[in-house]
Amino acid sequence: MGSFIGVLRVNDATIVSTDGISEAVYSPNLFRINKFNLALILDDLEAGKSFCEKYLKGFESLEGGFDTIIKEARESLENNVNDYSKKLITISFVGYETDFRERPYYALMFDGQQINDIVYPADNKVLFSINNDLGVYLTYKVYSNHMSLDKAVNLMGYITAQYNKILSIGKYVSIITISKDGLSYLDANRIRSVMSKAEEVDVDIRKNCCDFFMTEGFCK
Amino acid sequence: MTLAFALRGTNGLVLGADSRVTSFEGTADTSTKFLQVNREVGVLTYGLAEVGYKAITQLVDKVNRTSDFIGVKKKRIVHFSEIAEQADGIFKQTFMDWIVDSRKNNFDLKPDDPRLITGFILGGFDLNESNQFKILLWESPNFQREERPDIIAAQWIISQYLVNHLYYFEMNVEQVKRLAVFLLVETEMISPSVGGPLQIATVTLENGFQRLSEKDVQDLINENQPRFAEFRRILLDKLG
């Protein structure tokens, strides 16, 4: 099973969630390219990380520039195929573009021999690297393009908590927002508060749904 | 893939599956994913449709040959444990035969390829030995028999989320039937490989294995309509 990474896009931001290694430590699955762009390492953490360290540095002064980064990353992988010939690498890129309709989510998948490009259309609001169906299901129920950033973060926290309950993705969670102000890592306190709210919501949902199938009186 | 499950109620079991089969040529909603084995036992399959159908048909044939009056010197009832033992061999053999056969076209085919995951669920009442409802699971590549309190398999993750929020051990079979329809409908909304007519059966001590008719299933879907709406409203209230 590769890394757990979830991406949710709302009108003015993209929210990324992933399993972390410890509280308040940035997840090793993520590589900050510059203020507005992030690489998500889905497969082969070690090889993916080494690729990012080697070829995705030096874009710091490039604001935005999603297309340039993708092009450079692709070329670097193409030119150094032999270094990664026995590796399976999947790296996704998320970034902020001012035009929502054009804001891309893009992945490069390298199977040891050739590079496959995966371009997700702009109307694809949500994507999870593992068992995508649950994230899509929960988002589908409540999503709105114009969700506030706070609500979107809480939704992402809730979805991540459900993945954690069902698949035990990891003890810690990292949540990052990408908006017009750039990348922002939620600090440990904020993450604790988001995850504790997710737990409250979960208990409330179970309480509210108790009488769905049960005999009257069972839930009182 | 598919959604297949066996859930436990206080007075019996509910078995469920969709009927969609997916291949490189496309999808068809024609697959038979579960069969009645004897009066109080049913079997379900998920994963490779060809292997699944062949194996469950073979199991049913074999059990019925043994318990049939014709061609058997001494009539007898086949116990749950015997059905499970027969299943141990049939499920693994059918899968391996398919692998060997398919290697003629694809030499690299490996039994542990995640795209080939195939599984079987046997659910029923063990009338002669333990006097309990039992649910057993076999899954490729090893087909090691495993007993579980309940099973949700293949495209299972949405259903597991719903079970975490909607299922109670105190539910009876009638209530679990409604939950089963809820799980199938909610999953097929999202998963393109789950769909088609819903196949649901119950196993109770009084009535044994009983398959729900299409009309019964449709009635349950209609009865669940306010629940679908209410569930969405609750999620919207809390998260929207």
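You'll find the structure just up there.
The following refers to the structure shown.

What counts, and where the lines are drawn
Residues numbered from 1 in each chain as written. Chains lettered and ligands numbered in written order. Predicted model: local features only at pLDDT ≥ 70, side-chain atom pairs only at ≥ 80, totals over all residues. Heavy atoms only, no water. Helix = DSSP H or I, 4+ residues; strand = E, 2+ residues; numbered from the N terminus. Expected span 1.5 Å × (residues − 1). Buried < 20%, exposed > 50% of the residue type's maximum accessible area, 1.4 Å probe, protein only. Pairing = 2+ DSSP bridges. Axes fitted to C-alpha atoms, helices over the stretch in contact; angles between N-to-C directions. Contact = heavy atoms within 4.5 Å. Disulfide = S-S within 2.5 Å. Salt bridge = Lys/Arg side-chain N within 4 Å of Asp/Glu carboxyl O. Phe/Tyr/Trp six-rings, centres within 6.5 Å; stacked < 30°, edge-to-face > 60°. Lys NZ or Arg CZ within 6 Å of the ring centre and 35° of its normal.

1. Remarks on helix α4 (residues 149-167) of chain A
Here comes step 1: With 19 residues, α4 of chain A should reach 27 Å at 1.5 Å per residue; the first-to-last C-alpha distance of 26 Å fits that figure.
Here comes step 2: Counting buried residues along α4 of chain A, 14 of its 19 residues qualify, which places the element largely inside the surrounding structure.

2. Section: the sheet that holds strand β2 (residues 12-17) of chain B
All names here are of chain B.
Here comes step 1: Judged by pairing direction, the sheet is antiparallel, and its five strands sit side by side in the order β10-β1-β2-β11-β12 without closing on themselves. Both outer strands of the open sheet, β10 (151-154) and β12 (208-211), are each paired with one neighbouring strand and no more. Along the sheet, successive strands turn relative to each other by an average axial angle of 10°, direction set aside.
Here comes step 2: Direction of pairing for strand β1 (residues 3-9) relative to β10: antiparallel, over a ladder of four bridges. Along β10, the bridge assignment pairs Ala-6 with Ile-151.
Here comes step 3: Sheet strands in contact with helix α4 (residues 173-190) are β1, β2 and β11 (199-204), and its direction is about 160° off that of β1.

3. Some remarks on the state of the cysteines
Residues and elements named next belong to chain A.
Here comes step 1: A complete count under the given rule lists one disulfide over all chains for this structure.
Here comes step 2: Note on cysteine connectivity: Cys-210 is disulfide-linked to Cys-219, with sulfurs 2.0 Å apart. Between Cys-210 and Cys-219 the sulfur-sulfur dihedral comes to about -85°; the bridge is accordingly left-handed.
Here comes step 3: Of the residues examined, Cys-210 reaches a relative accessible area of 9% and is grouped as buried.

4. Focus: unusual backbone geometry
Here comes step 1: The omega torsion across Ser-140 of chain B and Pro-141 of chain B is 5°, close enough to zero to call that bond cis.
Here comes step 2: Of note, the phi angle at Ser-168 of chain A is positive, near 45°, even though the residue is not glycine.
Here comes step 3: If you trace the backbone, Ser-168 of chain A turns up in the loop between α4 and β9 (172-179).
Here comes step 4: According to the relative accessible area criterion, Ser-168 of chain A is exposed, its value standing at 57%.
Here comes step 5: In this structure, Ala-154 of chain B takes a positive phi of about 70° despite not being glycine.
Here comes step 6: Turning to its location among the elements, Ala-154 of chain B is positioned in strand β10.

5. Observations concerning the pattern of salt bridges
Here comes step 1: Overall, the coordinates contain 23 salt bridges over all chains when judged by the stated rule.
Here comes step 2: We note a salt bridge from Lys-141 of chain A to Glu-186 of chain B, for which the minimum N-O separation is 2.8 Å. Linking Lys-141 of chain A in helix α3 (residues 132-142) with Glu-186 of chain B in helix α4, this pair reaches from one chain into another.
Here comes step 3: Given a relative accessible area of 1%, Glu-186 of chain B falls into the buried group.
Here comes step 4: When salt bridges that share partners are traced, they join Lys-165, Glu-199 and Asp-202 of chain A into one network.

6. Focus: the packing of aromatic side chains
Here comes step 1: For the structure on display, the rule yields 21 aromatic pairs over all chains.
Here comes step 2: Between Phe-51 of chain A and Tyr-55 of chain A the ring centres are 5.1 Å apart and the planes differ by 45°, which places this aromatic pair in the tilted class. Placement of the pair is Phe-51 of chain A and Tyr-55 of chain A together in helix α1 (residues 45-55), with a separation of four residues, close to one helical turn.
Here comes step 3: Look at Phe-34 of chain B and Phe-209 of chain B: their rings are 6.2 Å apart centre to centre, the planes differ by 80°, and that puts the pair in the edge-to-face class. A residue pair is termed long-range when its members are at least 10 positions apart, and Phe-34 of chain B in strand β5 (residues 34-38) and Phe-209 of chain B in strand β12 qualify at 175 residues. As far as the burial class goes, Phe-34 of chain B and Phe-209 of chain B line up, both buried.
Here comes step 4: Above the ring of Tyr-168 of chain B, the side-chain terminus of Arg-206 of chain A is found at 4.3 Å from the ring centroid.

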